[in-house]
Each structure stands twice: as C-alpha cells, then as structure tokens.
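Spelled out from the first residue to the last, the chains are:
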Amino acid sequence: QVRLVESGGGLVQPGGSLRLSCAASGFTFSNYAMSWYRQAPGKERELVASISRAGVRTNYADSVKGRFAISGNNAENTVYLQMNSLKPEDTAVYYCKAARVGGVEFWGQGTRVTVSS
C-alpha cells in the first residue's frame, strides 16, 4: 500500500522556522522525484520545491528561494522541507508528492502550516 505521510506542520510566528517531513512507503522511493506543494485558502495548489531522484537537482518557487530547503534521505524513504524566515503568506496546507516518468504520482494528505503572531 502506497503511503506518503507528512508531519511537522503547526503554528509559528513570523520569522520562525519549521521542518516538514514526508515519510514514504509502499513504493521504491529512489525511483521517484519528490516535491512539496502548498495550497492556501482560496488559492490554487502551487509547487514550492522539488528534488530529483538522485537528489542532484533541486528547484524552488521564487517566493521561497533562499528561505526553504528541500532534501531527501533514501535510506529513510523520507523527504524534508526546512522552512526558515517564515512569513504570513507561507500559511497553507503543505503536500508531499512522489512522481516518476510515465505519469505515476502519489500525494500525501497534507500538513497545515500557520504563520501568525
């Protein structure tokens, strides 16, 4: 059974940090590129960051460059999103996605991040 389970969300003050985790199971993690998306209330889901299968390439939305960092651990089948200098506009539900060539993709259930004083 394929599972992607996000964790690490919560309430944080502006300027604070959070580290999101996405634990994968039920598929060969190293064969998939991993991504983090987010969806704020009333907005479309958007790509935040992605990392290639081998972890060689990363990609970030302009709005998070220099503040967020995506990393993966194939031994633990986990992908992380380190979020620093958080802003109220980062408030959203964050989703993890696994995808490979051929259009196969899996999504997690999301973890909520709220940035507020």
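Predicted model, so just to flag it, every value in this text is computed and none were measured.

Participant: Whenever I open this one, the overall build of the chain confuses me. Can you help?
Facilitator: In terms of regular secondary structure, the chain is built from zero helices and 11 strands. Its helices and strands taken in sequence order, the chain reads β-β-β-β-β-β-β-β-β-β-β from the N to the C terminus. A compact globule built from 117 residues would reach a C-alpha radius of gyration of about 13 Å, and the chain, at 13 Å, matches this within 12%. Of all 117 residues assigned to the chain, the portion counted as buried reaches 41%. Here the analysis covers contacts within the chain between residues at least 6 apart in sequence; of these, 53% occur between residues at least 24 apart. For the chain, the accessible area works out to roughly 6300 Å², and carbon and sulfur atoms hold 45% of it.

Participant: Where do I start with the state of the cysteines in this structure?
Facilitator: The bond known as a disulfide is covalent and runs between the sulfur atoms of two cysteines. For the structure shown, the criterion picks out one disulfide. Paired by a disulfide, Cys 22 and Cys 96 hold their sulfur atoms 2.1 Å apart. Of note, the bridge from Cys 22 to Cys 96 carries an S-S torsion of about -80° and is left-handed in sense. Here Cys 22, found in strand 3 (residues 18-25), pairs with Cys 96, found in strand 9 (residues 92-99); they are 74 residues apart in sequence, far enough to count as distant. Comparing Cys 22 with Cys 96, the two get one shared label, buried.

Participant: So what exactly am I meant to see when it comes to the sheet that holds strand 8 (residues 78-83) here?
Facilitator: The strands that make up a sheet pair up through hydrogen bonds in the backbone, lying either parallel or antiparallel. Taking strand neighbours across the sheet as the criterion, the four strands line up as 1-3-8-7 in an open arrangement whose pairing is antiparallel. One side of each edge strand has no neighbouring strand; the edge strands of this open sheet are strand 1 (3-7) and strand 7 (68-73). Shown here is a sheet whose adjacent strand axes are inclined to one another by a mean of 15°, direction ignored. Relative to strand 3, strand 1 is paired through five bridges, and the arrangement is antiparallel. What sits directly across from Arg 3, in strand 3, is Ser 25.

Participant: Explain unusual backbone geometry here, please?
Facilitator: Leave glycine aside and you will find that most residues have negative phi; peptide bonds, for their part, are mostly trans. A positive phi is found at Asn 77, a non-glycine position, where the angle reads about 55°. Within the secondary structure layout, Asn 77 lies in the loop between strand 7 and strand 8. Of the residues examined, Asn 77 reaches a relative accessible area of 26% and is grouped as partly exposed.

Participant: Hey, could you run me through the packing of aromatic side chains in this one?
Facilitator: Geometrically, a pair of aromatic rings is defined through the distance of the ring centres and the angle of the planes. This structure, assessed with the given rule, holds four aromatic pairs. Aromatic side chains Tyr 32 and Phe 106 sit 5.6 Å apart centroid to centroid with 35° between the ring planes, which places their arrangement in the tilted category. On the criterion of sequence distance, the pair formed by Tyr 32 in the loop between strand 3 and strand 4 (33-39) and Phe 106 in strand 10 (residues 105-107) is long-range, its members being 74 residues apart. You can call Tyr 32 buried: its relative accessible area is 7%. Taking relative accessible area as the criterion, Phe 106 reaches 21% and is therefore assigned partly exposed. Counting every residue linked through ring pairs, the aromatic cluster contains Phe 27, Tyr 32 and Phe 106. Here the guanidinium or amino end of Arg 45 rests over the ring plane of Tyr 95, the centre of that ring lying 3.8 Å away. Just above the ring of Trp 107 sits the side chain of Arg 45; from NZ or CZ to the centre is 4.7 Å.

Each value, and the rule that gives it
Residues numbered from 1 in each chain as written. Predicted model: local features only at pLDDT ≥ 70, side-chain atom pairs only at ≥ 80, totals over all residues. Heavy atoms only, no water. Helix = DSSP H or I, 4+ residues; strand = E, 2+ residues; numbered from the N terminus. Rg over C-alpha atoms; globule rule 2.2 N^0.38 Å. Buried < 20%, exposed > 50% of the residue type's maximum accessible area, 1.4 Å probe, protein only. Contact = heavy atoms within 4.5 Å. Areas by Shrake-Rupley, 256 points an atom, 1.4 Å probe, with all protein chains shown as cover. Disulfide = S-S within 2.5 Å. Pairing = 2+ DSSP bridges. Axes fitted to C-alpha atoms, helices over the stretch in contact; angles between N-to-C directions. Phe/Tyr/Trp six-rings, centres within 6.5 Å; stacked < 30°, edge-to-face > 60°. Lys NZ or Arg CZ within 6 Å of the ring centre and 35° of its normal.

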